[in-house]
Amino acid sequence: MNFTADQISHLVNGTVVGDGSVTVNTFAKIEEGHAGALSFLANPKYTHCIYSTKSSIVLVRRDFEPEYPVSATLIKVDDPYQTLTGLLTMVNDMMSPKPVGIEQPSYIAPGVELPEDVYVGAFAYIAAGAVIGRGAKIYPHTYVGADAVIGEDTVIYPGAKIYHRCRIGARCILHAGVVIGADGFGFAPDANGVYTKIPQMGIVEIADDVEIGANTTVDRATMGSTRIGQGTKLDNLIMVAHNVEIGEHNVFASQTGIAGSTKIGSHCQIGGQSGFAGHIHVGDHVMVGAQSGIPGNLPDDSKVMGYPCVPVKEFYRNSAYVRRLGELFAKINKLEGGIAAGCSGNEK
Amino acid sequence: MNFTADQISHLVNGTVVGDGSVTVNTFAKIEEGHAGALSFLANPKYTHCIYSTKSSIVLVRRDFEPEYPVSATLIKVDDPYQTLTGLLTMVNDMMSPKPVGIEQPSYIAPGVELPEDVYVGAFAYIAAGAVIGRGAKIYPHTYVGADAVIGEDTVIYPGAKIYHRCRIGARCILHAGVVIGADGFGFAPDANGVYTKIPQMGIVEIADDVEIGANTTVDRATMGSTRIGQGTKLDNLIMVAHNVEIGEHNVFASQTGIAGSTKIGSHCQIGGQSGFAGHIHVGDHVMVGAQSGIPGNLPDDSKVMGYPCVPVKEFYRNSAYVRRLGELFAKINKLEGGIAAGCSGNEK
Amino acid sequence: MNFTADQISHLVNGTVVGDGSVTVNTFAKIEEGHAGALSFLANPKYTHCIYSTKSSIVLVRRDFEPEYPVSATLIKVDDPYQTLTGLLTMVNDMMSPKPVGIEQPSYIAPGVELPEDVYVGAFAYIAAGAVIGRGAKIYPHTYVGADAVIGEDTVIYPGAKIYHRCRIGARCILHAGVVIGADGFGFAPDANGVYTKIPQMGIVEIADDVEIGANTTVDRATMGSTRIGQGTKLDNLIMVAHNVEIGEHNVFASQTGIAGSTKIGSHCQIGGQSGFAGHIHVGDHVMVGAQSGIPGNLPDDSKVMGYPCVPVKEFYRNSAYVRRLGELFAKINKLEGGIAAGCSGNEK
């Protein structure tokens, strides 16, 4: 299917600059553009690419004014990234496979009722008492434990494992290798330092519209629930420990770890490889830089970075100071000499 | 089933303070208490909750004396957490499903003999020569490679993968997504920097009573064995490289990494996201703070933190000093001015 | 099979020192040597082991001269590690199982053609349109999505998941739990901070001779491809985000994370648990120490370490300075006293 710049502009409420009759049939990154492709420019880092891109159409901000000649047709919009997202979603929905039905061999325990419009891939395992919502897609090799609940239109990609009694909301996406509801890490040492397992009798509750990246693990609570709130997105290889409670509409980048019983608010943005201590409270709208260590509570609107974390500006300032420590030690040595000289001078 | 405070107190050798006839039928965290629930108070952080909890019974230390009125019945015991653990284990054992038998379809290679009381879930794969101990539970999607050995009463949760010839002890628990015995990371570069794979011909040996968290990986040795000692507990998403040897009764928090050939003693407590260099020796009873980097050997009883790690007290002191570097630089500048003034003063 | 020292020496172009008729039939680490075993000595850390090893034969460098008596027969070679690798590969090839054929039950979508010499394990899933190269080994529980391509002689260990349309080259090795092509982490927030998913329409392209460790994840691109170049080796539990491009013949140690759209050159050596910011460029022959944070571009031949990273030498120097900050603060206090005394002296 080909679309003209004029057609797309009309669809996204944009303004065409250049030839409105040029057509595209695919998307491309601006730096990998080619004839027939639509690209977008949102990150200023890539502005220089617009002068050399071979894409036929580029979405740009309304206030973008090229400094050099541009061969592509531009479509000016309020937010090129969001506009692109809309177009991509539309095309993706048209193009994506919509698997439906029960492939064989799969294992569906006696008594489990499957809505008519679900997909259950081959080698999927659905244990007794599990409840699968309408429109859910359970890909191959998925394990849904006893009495687990999968919400409507939730997609579970190949090989995700959901332990017994855990509850996944509606419209969630769980990627391959995700493990929901494995035992929390709880052991009581005896006098000889030999550990006894604390039974982990709680569950995991995941609200609606949550996406969880590949191989991320969310442990079940000792008692009660480990919770992930509506609309929160977890990247790959993240660890959420037992009894953690995460609020709504957060984004957590990959390889972050959150220790037991910590509570995190809503609308936070957490950088990759960060670590949160256990039993702490983190407020709303908190931003944490990558690889940070969070040893204690953080109030709303905190912006921190570092190990242990400090306000972001302080982190960069302190890092710069550390790089100047050699200079500092040299100055001190010089001052010590100066003082010594000064003092002997005084004593003359 | 309902139990009275008197009955429970009798069972756990406690002392009832309050109404001994009150009954419970479930557990709850003290801050999420409700009528009919038993809670415990061990962490002083939660002491304030005892005055507002709606739980019917709370386990407390023998020396606990409330400062305000408490509506719950208290049962005083030596160690509330350990007592709770005992009660939970008892109840958990009563409540847990005890799957037994061979579900179909599963793949059991010709010649493999299964004891009568094992569980093998659907889609489990047991290769030729594998030995499965009595009472073992092999959940769905598990892979047990050729000639691998699984000890008695060991539980392998869905989707764990055990490569050929690896040996898992008795009463171990391997959670979903665990990978035991993948190739160690060994490559020899040639003169052009092109890597040749070093065959990884060894195995992994896991002793008895080991628990391994979801998606943790333990690589097979180049030669000999990668070893994890009795009673050691590994949390989720941990990396144990080839030829590592870990002793007994350690706890490793999640996302920790241990590079090749490192030896770690017994009774250590390792914080999350820590990293150990390769070819080092770590003693017994070592405590490592979260996110630490361990570049070299650590003697017995070390308590370290930081990147690179230093003694814990020094870590906190140095972190505080770093936060005061701005102040320090300012002082130096002032001193340099002072010296200059002092010197000119001398010269008057 | 037994081989004499003379036979092996002849095979590897070595020089025998000691009894050339002694025989071996296995390999062992030098510190775990026993009669009948061949060991090697390459890392000087282990030199002392040669005087006590019970191995029958040890490969050593041509310039190695023992300082004490050695009971083993030595074979002197140019590069003991590389020689060992050659011997191991030879023996490993002789010993390894060579599974071939299609085990049942497996799921092979209608229309997929399998070359005669492939292995497809039980419970493997091969979706419509997938192309499997000659000699490929697809172990049990593997998922190969729609239209994915697996190159010749590539080995995919149990439970690896390859999403639709991703392309894996020839002679690659993907270990258990690897996830290739899960959605990149892309979300656009609206004015209320609610995230909309950006469709991830691109793919992952993995070139020839790449090895990827257990539970590592490589996300598909938003548009275009996430790329891993020829001969690059990734260890376990690594995260490669969407649109990352990694060049050729790199080694990345475990638990490293690379954020979106970052480009890394060739022949780099990356330490474990390192993190790369998004949208940066890293040159060729770069060495990054363990647990480093790379916030920006790095030119060719950089050698860095730290969080944020600095040149390696500077990292160690700065770390040493930080450990002396207490001393520095004490000196400053003393100097301030000295200045005060000096000044008052002047005023006399």
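As a reminder, the structure under discussion sits directly above these lines.
Residues numbered from 1 in each chain as written. Chains lettered and ligands numbered in written order. Predicted model: local features only at pLDDT ≥ 70, side-chain atom pairs only at ≥ 80, totals over all residues. Heavy atoms only, no water.

**Brief notes about the packing of helix H1 (residues 5–12) of chain A against helix H2 (residues 80–95) of chain A**
Residues and elements named next belong to chain A.
Part 1: It is at 11 Å that the axes of H1 and H2 come closest, and there the two elements cross at 105°. The angle between H1 and H2 places the two elements in the roughly perpendicular class. Counting all contacts with H1, which are made through Ile 8, Leu 11 and Val 12, the residues of H2 involved are Thr 83, Leu 87 and Met 90. (Axes fitted to C-alpha atoms, helices over the stretch in contact; angles between N-to-C directions. Helix = DSSP H or I, 4+ residues; strand = E, 2+ residues; numbered from the N terminus. Parallel < 35°, antiparallel > 145°, perpendicular 65-115°, else oblique. Contact = heavy atoms within 4.5 Å.)

**Considering the interface of chain C and chain A**
Part 1: Facing 74 residues of chain C, the contacting portion of chain A comprises 71 residues.
Part 2: Taken together, the two surfaces of chain C and chain A that pack against each other cover about 5500 Å², and 65% of this comes from carbon and sulfur.
Part 3: Connecting chain C to chain A are five salt bridges.
Part 4: Among the salt bridges present, the one from Glu245(C) reaches Lys29(A), with a minimum N-O distance of 3.9 Å.
Part 5: On inspection of chain C and its partner chain A, the count reaches 24 residue pairs in polar contact (both at pLDDT 80 or more).
Part 6: Those elements that provide at least two residues to the side of chain C that touches chain A are strand S21 (187–189), strand S22 (195–197), strand S26 (225–228), strand S39 (309–311), helix H3 (312–323) and helix H4 (325–347) of chain C.
Part 7: The element that contributes the greatest number of residues to the side of chain C that touches chain A is H4(C), accounting for ten residues. (Buried area = accessible area lost by both parts, 1.4 Å probe. Salt bridge = Lys/Arg side-chain N within 4 Å of Asp/Glu carboxyl O. Polar contact = N/O pair within 3.5 Å; in protein donor to acceptor, adjacent residues only side chain to side chain.)

**Focus: the relation of the copies chain C and chain B**
Part 1: When chain C is fitted to chain B, the best match, at an RMSD of 0.1 Å, comes from turning it 120° and sliding it 0.0 Å along the axis. The relationship between the two copies is best expressed as a three-fold rotation axis. (Least-squares fit on C-alpha atoms with pLDDT ≥ 70 in both.)

**Description of the interface of chain C and chain B**
Part 1: Contacts between the two partners involve 72 residues from chain C, matched on the other side by 74 residues from chain B.
Part 2: Between chain C and chain B, a total of about 5500 Å² is buried, with carbon and sulfur atoms accounting for 65% of that surface.
Part 3: On the surface where chain C and chain B come into contact, there are five salt bridges.
Part 4: At the junction of chain C and chain B, the tally comes to 24 residue pairs in polar contact (both at pLDDT 80 or more).
Part 5: Within the residue set of the side of chain C that touches chain B, elements represented by two or more residues are helix H2 (80–95), strand S27 (233–234), strand S30 (251–252), strand S38 (303–306), H3 and H4 of chain C.
Part 6: Considering each element in turn, the side of chain C that touches chain B owes the most residues, ten residues, to H4(C).

**Quick notes on the sheet that holds strand S7 (residues 73–77) of chain B**
All names here are of chain B.
Part 1: With mixed pairing, five strands are arranged side by side in an open sheet as S2-S7-S6-S5-S4. Lying at the two open borders of the sheet, with one neighbouring strand each, are strand S2 (15–17) and strand S4 (26–27).
Part 2: One ladder, built from two bridges, connects S4 with strand S5 (residues 37–40); its direction is parallel. Its bridge partner lying in S5, Thr 26 is registered against Ala 37.
Part 3: Against the sheet, helix H1 (residues 5–12) engages S2, S5, strand S6 (57–61) and S7, with an angle of about 5° to S7.
Part 4: Lying on the sheet, helix H2 (residues 80–95) is in contact with S4, S5, S6 and S7; it crosses S6 at an angle near 140°. (Pairing = 2+ DSSP bridges.)

**Some words on empty space enclosed by the protein**
Part 1: The full count for this structure, using the stated rule, is five cavities of 30 Å³ or more.
Part 2: Computed from the structure, the largest cavity encloses a volume of approximately 170 Å³.
Part 3: Here the residues of the lining of the largest cavity are counted per class, giving one nonpolar, twelve polar and three charged. (1 Å grid on protein atoms, 1.4 Å probe; cavity = no way out; pocket = protein on both sides within 12 Å on 5 of 7 lines; lining within 4 Å. Points joined across faces, edges and corners; volume = space filled by probe spheres on them. Nonpolar A, V, L, I, M, F, W, Y, C, P; charged D, E, K, R; others polar.)

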